[in-house]
Amino acid sequence: MARGNIRNKIHNRLVEVYGPGVMSKQMVWRWCRTFSDGRQQVEDIPRAGRTRTATTDANVGKVDDMIRANRRITIDEVAEELEIS
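Bear in mind that the values here come from a model prediction, so they are computed numbers and not experimental data. The numbers attached to residues start from 1 for each chain and follow its sequence in the written order. In view of the model being predicted, local features appear only for residues whose pLDDT reaches at least 70, and side-chain atom pairs are presented and counted only at 80 or more, with totals across whole chains, interfaces and linings using the full set of residues. For side-chain calculations, the full set of non-hydrogen atoms in the structure is used, while hydrogens and water are omitted.

Chemist: Explain the packing of aromatic side chains here, please?
Modeler: Centre distance and the angle of the planes are the two values used to describe a pair of aromatic rings. Between rings of Phe, Tyr and Trp, where Trp is taken as its six-membered ring, a pair exists when centres lie within 6.5 Å; planes separated by under 30 degrees are stacked, by over 60 edge-to-face, and by other angles tilted. Applying the stated rule across the entire model yields one aromatic pair. Pairing Trp31 with Phe35 gives two aromatic rings, centres 5.6 Å apart and planes at 25°, and the pair type is stacked. You can see Trp31 and its partner Phe35 sitting in helix 2 (residues 25-36), four residues apart, about one turn around the helix. Exposure remark for Trp31: the relative accessible area of 29% places this residue in the partly exposed category. The cut-offs for exposure are 20% and 50% of the maximum accessible area for each residue type, with area from a 1.4 Å probe on protein chains only; residues under the lower value are buried, those over the upper are exposed, and the others partly exposed. By relative accessible area, which is 33% here, Phe35 ends up partly exposed. Strands here are runs of E lasting at least two residues and helices are runs of H or I lasting at least four, both read from the DSSP assignment and numbered beginning at the N terminus.

Chemist: Would you mind showing me how to read the pattern of salt bridges here?
Modeler: A pair can form between side chains of opposite charge whenever their charged atoms are brought close. For this document, the term salt bridge refers to a Lys or Arg side-chain nitrogen within 4 Å of an Asp or Glu carboxyl oxygen. Following the criterion strictly, the structure yields two salt bridges and no others. Between Asp64 and Arg68 there is a salt bridge, with its nearest N and O atoms 3.0 Å apart. Taken together, the residues span about one helical turn, with Asp64 and Arg68 both in helix 3 (residues 57-69) at a distance of four residues. When its relative accessible area of 34% is taken as the criterion, Asp64 is described as partly exposed. What makes Arg68 exposed here is its relative accessible area of 59%.

Chemist: Just checking my understanding: could you explain a negative patch on the surface for this structure?
Modeler: Taken together, the side chains of Asp76, Glu77, Glu80, Glu81 and Glu83 present a region of like negative charge at the surface. With respect to the helices and strands, Asp76 occurs in helix 4 (residues 75-82). Here the term patch refers to residues with relative accessible area over 30% and no salt bridge, with like charges joined within 9 Å and nonpolar side chains (Val, Leu, Ile, Met, Phe, Trp, Tyr) within 5 Å. Each accessible area value is a Shrake-Rupley result obtained with a 1.4 Å probe; residue values ignore everything except the protein chains displayed when judging cover. Under the convention used here, Asp and Glu are negative, Lys and Arg are positive, and both His and the chain ends fall outside the count. In plain terms, the charge of a residue is placed at NZ if it is Lys, CZ if Arg, CG if Asp and CD if Glu.

Coordinates in, geometry out; function isn't part of it.
Structure (structure tokens):
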């Protein structure tokens, strides 16, 4: 059986089980190719670089303090104060 047919069957089965809001056919094909290339886990591979979020316990506390001190503070002012772009 051709690879495309297997990938289509996987996608059709996902739609059957989880409904039409399931991942796209292209994404199923990408995952199939990734696993065919030797990947064995679905968790994200750690990467170096900038963190994806500025939400930390320390920043939450600082923002809370800033808002309590000045209820009219803007998001831009908060970002500038915390040096968040």
